[in-house]
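Fold and contact review
As a plain string of letters, each chain reads:
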Amino acid sequence: QVQLVESGGGLVQAGGSLRLSCAASARTSSIYFMGWFRHAPGKEREFVAARSWKSDSTFYADSVKGRFTISGDNARNTMYLQMDSLKPEETAVYYCAASRTRYYSKRSSEYHYWGKGTQVTVYS
């Protein structure tokens with residue numbers, strides 16, 4: 001069982017930056033991808049970005065390309081999400097997730113382990 005703990009959320013003005021971290025309790029050979037999702041009130045949970053645990057390949061939702069950067073430190077079992085040029089509509093709870101699926105997916109159903117989330121609030 002892999003436990004994920006997010007940190008780094010907070011309050012930021014529009015146009016500002018935050019860096020989220022996700023620490024995994026253990027590195028397992030069964031994890032192929034780790035990703036970030038967000039859930040805003042009244043909206044469905046949304047894919048943000050993902051990173052291959054094996055090859056460092058990265059994937060982004062169109063809405064965050066060029067502004068967000070996903071990265072990881074495999075030796076520390078940690079993943080990051082650098083968020084720049086934040087917008088008020090990106091206010092949400094951001095979740096870290098890990099997948100045992102061998103191929104990339106942006107569907108939340110393909111992710112098997114989830115953190116409890118960290119709140120990001122962007123004010124104008």
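Just so it is clear, the structure is predicted and the values come from calculations on it, not from any experiment.

1. Let's talk about the packing of aromatic side chains
One pass over the full model with this rule turns up 9 aromatic pairs. Residues Phe37 and Trp114 carry aromatic rings whose centres are separated by 5.0 Å and whose planes lie at 55° to one another, so their mutual orientation is tilted. With Phe37 in strand E4 (residues 33-39) and Trp114 in strand E10 (residues 113-114), this pair connects stretches of sequence that are 77 residues apart. Residue class for Phe37 comes out buried when judged on its relative accessible area of 1%.

2. Some remarks on the pairing of E4
Burial analysis of E4 places 6 of its 7 residues in the buried class, the great majority of the element. Note: E4 against strand E5 (residues 46-52), 6 bridges, orientation antiparallel. Bridging from a neighbouring strand, Phe33 pairs with Ser52 of E5. Between E4 and E5, which pair antiparallel in sequence order, lie 6 residues; one of them, Gly42, sits at a positive phi of approximately 80°. Pairing of E4 with strand E9 (residues 92-99) involves 7 bridges; the strand directions are antiparallel. Bridge assignment links Trp36 to a residue of E9, and that residue is Cys96.

3. With respect to the pattern of salt bridges
Inspection of every chain in the model, using the stated rule, returns 7 salt bridges. For Arg38, the salt bridge is made with Glu90, and the minimal N-O distance between the two is 3.2 Å. Separated by 52 residues along the polypeptide, Arg38 in strand E4 and Glu90 in the loop between strand E8 (78-83) and E9 bring together distant segments of the chain. With relative accessibility at 7%, the residue Arg38 sits in the buried group. Overall, Glu90 belongs to the buried group, its relative accessible area being 3%. The salt bridge involving Arg51 is made with Asp56; its shortest N-O contact spans 2.4 Å. Within this structure, Arg38, Glu46, Arg67 and Glu90 form a network of salt bridges that share partners.

The rules we used
- Residues numbered from 1 in each chain as written.
- Predicted model: local features only at pLDDT ≥ 70, side-chain atom pairs only at ≥ 80, totals over all residues.
- Heavy atoms only, no water.
- Phe/Tyr/Trp six-rings, centres within 6.5 Å; stacked < 30°, edge-to-face > 60°.
- Helix = DSSP H or I, 4+ residues; strand = E, 2+ residues; numbered from the N terminus.
- Buried < 20%, exposed > 50% of the residue type's maximum accessible area, 1.4 Å probe, protein only.
- Pairing = 2+ DSSP bridges.
- Salt bridge = Lys/Arg side-chain N within 4 Å of Asp/Glu carboxyl O.

These results come straight from atomic positions and should not be treated as a statement about function.
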